[in-house]
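# Analysis of the macromolecular model
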Amino acid sequence: MQMNGATSERAYLDHAATTALLPEAAEAWRETASRVGNPSSLHAAGRASRRVVEEARESIADDLRVRPSEVIFTSGGTEADNLAVKGLAWARPNRPRILCSAIEHHAVLDPVAWLGEQGRDIEWIPVDSLGRVGPEAVRERLGDDVALCTVMWANNEVGTVQPIAEIAAACAEAGVPFHTDAVQAIGQLPVDGSLPGLTSLALSGHKIGAPVGTGALVLRRDARVVPVVHGGGQEREVRSGTLDAAGIAALGVALHHAVTAQADHAARMVALRQDLIDGIVRLAPGVIVNGDRAQRLPGNVHVSFPGCEGDTLLMLLDAAGVECSTGSACTAGVPEPSHVLEAMGIDAALARGSLRFSLGCPSTSGDVDRVLEVLPGALERATRAATPRLRRTT
Ligand code: PLP
């Protein structure tokens, strides 16, 4: 259980929320941030800063198999998703329909819903009980009145990986722009930004070892978008604002590491994931493992414990040194079942008893052992705490 170079008794298993800064990325950030220079300035300091940005852009483009001019730097995944969703839709005012999978992250879901409030017709593409979007469900909704279709590469809660190549190809055939949120996929799966039919792809730095506040939208050269942020005209006039050269340098380093280490990392995570799932099933025989067992993010374990409240379990595990997540949004103190589990048809009470453990680069078998050591006690207490409430409602 080694975190940030320090020995910790705690097991951090929430890498899908954010992961530790990669030392090489931190070094690239520090080196660039220690020098003055705005990449838009014409003098030597500005040109040096611009060189750093363009080298990072080339490296990112190489790693994602796209052209450097197709990399638009943003402040993270949320901004990249907003730019794609709003920008592609606004550029097609005469196409009223928008297709969006029902299990997107809020960074996509909310701008799409907002466009619905502005008068667009939103069609939520359903998923099956494993969280899979069927290409046929997309194909049958496509048409020349669709401004945009958006389906995430892999789901952040249950880890299900979508048939992105098939969906992108179907969109291309219908002449519909296709956006994918690849925030969770980068570093865990091979991600090819040059996939035929892909119009745009969002990525986030802090999920792969770069600082929070870094990210990018891969955007095809010929894709028409209306900017969300207007100003100095940076980034092909698609995203204005002084470029964060230090953050961009760090993003380039972290992404290169994530992409080159991906296959080894995935193999290691799959083995740890299997140990964790097997151990949980052994200790809690009634547990339900959610999501697709095969087409799944290597680092994702998502489970539902019948008769438990996930929030209670999370607190008990936290107190015992295990950090994970429930995935449910807490509105005004009332836990709401996740829209992802709801779309998969999972019963609301069962959904509330869910936990996500997400493994990352620093994860070890010691972390898995720690979960399995403390889980039985936490489960017993969480079940006891839930019992009176369950009785009241029956
Ligand atoms: N998309 C997905 C699938 C995510 O998991 C996240 C973050 O959790 C985001 C988008 C938002 O990215 P950021 O935190 O960089 O804004």
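Now for a look at the structure at hand. Please read all numbers here as calculations on a predicted model, not as lab measurements. (Residues numbered from 1 in each chain as written. Predicted model: local features only at pLDDT ≥ 70, side-chain atom pairs only at ≥ 80, totals over all residues. Heavy atoms only, no water.)

## Here we look at the sheet that holds strand β9 (residues 200-204)
What the 7 strands build is an open sheet, ordered β4-β10-β9-β8-β7-β5-β6; its pairing is mixed. Either end of the sheet is taken by a strand with one partner, and the two such strands are β4 (71-74) and β6 (121-125). Averaged over all pairs of adjacent strands, the angle between their axes in this sheet comes to 20 degrees, without regard to strand direction. Note that strand β5 (residues 97-101) and β6 share 5 bridges and pair parallel. Looking at β6, one finds that I98 is bridged to I122. Contacts between helix α2 (residues 44-64) and the sheet are confined to β4, β9 and β10 (215-219), with β4 contributing the most and set at about 120 degrees to the helix. Along the sheet face, helix α4 (residues 106-117) touches β5, β6, β7 (146-150) and β8 (178-181) and points at about 145 degrees away from the line of β6. (Pairing = 2+ DSSP bridges. Helix = DSSP H or I, 4+ residues; strand = E, 2+ residues; numbered from the N terminus. Axes fitted to C-alpha atoms, helices over the stretch in contact; angles between N-to-C directions. Contact = heavy atoms within 4.5 Å.)

## Topic: the site of the ligand
What surrounds the ligand is a group of 14 residues, the closest being T78, D181, Q184, S204 and K207. One nitrogen or oxygen atom from the side chain of T78 is found 2.6 Å from an oxygen atom belonging to the ligand. Between an oxygen atom of the ligand and a side-chain N or O atom of H206, the distance comes to 2.8 Å. Here the ligand has 390 Å² of accessible area as a free molecule, and 85% of this is covered by the chains. Considering each element in turn, the shell around the ligand owes the most residues, 3 residues, to helix α3 (residues 77-90). (Near = heavy atom within 4 Å. Polar contact = N/O pair within 3.5 Å; in protein donor to acceptor, adjacent residues only side chain to side chain. Areas by Shrake-Rupley, 256 points an atom, 1.4 Å probe, with all protein chains shown as cover.)

## A word on the environment of A84
One can find A84 in helix α3. Classification of A84 by relative accessible area gives buried; the value is 1%. Sequence spacing of A84 and P111 is 27 residues, and the spatial spacing of their C-alpha atoms is 9.8 Å. Setting aside anything within four residues of it in sequence, one finds A84 in contact with A89, H179, S200 and L217. (Buried < 20%, exposed > 50% of the residue type's maximum accessible area, 1.4 Å probe, protein only.)

## Topic: the sheet that holds strand β12 (residues 300-304)
Strand order in the open sheet made by the 3 strands is β11-β12-β16, with antiparallel pairing throughout. Edge positions in the sheet fall to β11 (288-289) and β16 (354-358), since each has one partner strand and no second. The pairing of β12 with β16 spans 5 bridges and is classified as antiparallel. Across the sheet, H302 pairs through a bridge with R356, a residue of β16. The strands touched by helix α7 (residues 245-283) are β11, β12 and β16; relative to β12, the strand with the most contacts, the crossing angle is about 15 degrees.

## Considerations on α2
With 21 residues, α2 extends 30 Å from end C-alpha to end C-alpha; this agrees with the ideal 30 Å at 1.5 Å per step. Residues of α2 that are buried include every one of G46, S49, V52, V53, A56, R57, I60, A61, D63 and L64, and no others. When α2 is viewed along its axis, its buried side chains cluster within an angular range of 165 degrees and face the same direction. Exposed positions of α2 whose direction lies more than 90 degrees from the buried face are R51, E55 and D62. Looking one or two residues past α2, R65 carries a phi angle of roughly 60 degrees, positive in sign. (Expected span 1.5 Å × (residues − 1). Arc of directions from axis to C-beta.)

## A look at the nonpolar core
Core analysis: the biggest nonpolar cluster contains 61 residues, and L64, F73, C149, W153 and F178 have the highest contact counts within it. Two domains each put at least three residues into this core: domain 1 (11-20 + 262-392) and domain 2 (23-260). Ignoring sequence-local partners within four residues, the contact set of L64 consists of I186, V191, D192, G193, S194, L203, V218 and L255. In this structure, I280, V287, C308 and V368 belong to the second largest nonpolar core, which totals 31 residues. (Core = buried A, V, L, I, M, F, W, Y, C linked by side-chain atoms within 4.5 Å. Domains from an automatic or database assignment.)

## Regarding the pattern of salt bridges
A complete count under the given rule lists 21 salt bridges for this structure. For R132, the salt bridge goes to D128, with nearest N and O atoms at 2.7 Å. By relative accessible area, which is 37% here, R132 ends up partly exposed. The shortest N-O distance in the salt bridge between R139 and E136 comes to 2.7 Å. Here the residue R139 and the residue E136 both occupy positions in helix α5 (residues 135-139), the gap between them amounting to 3 residues, near one helical turn. Looking at R139, the relative accessible area reads 37%, which means it is partly exposed. (Salt bridge = Lys/Arg side-chain N within 4 Å of Asp/Glu carboxyl O.)

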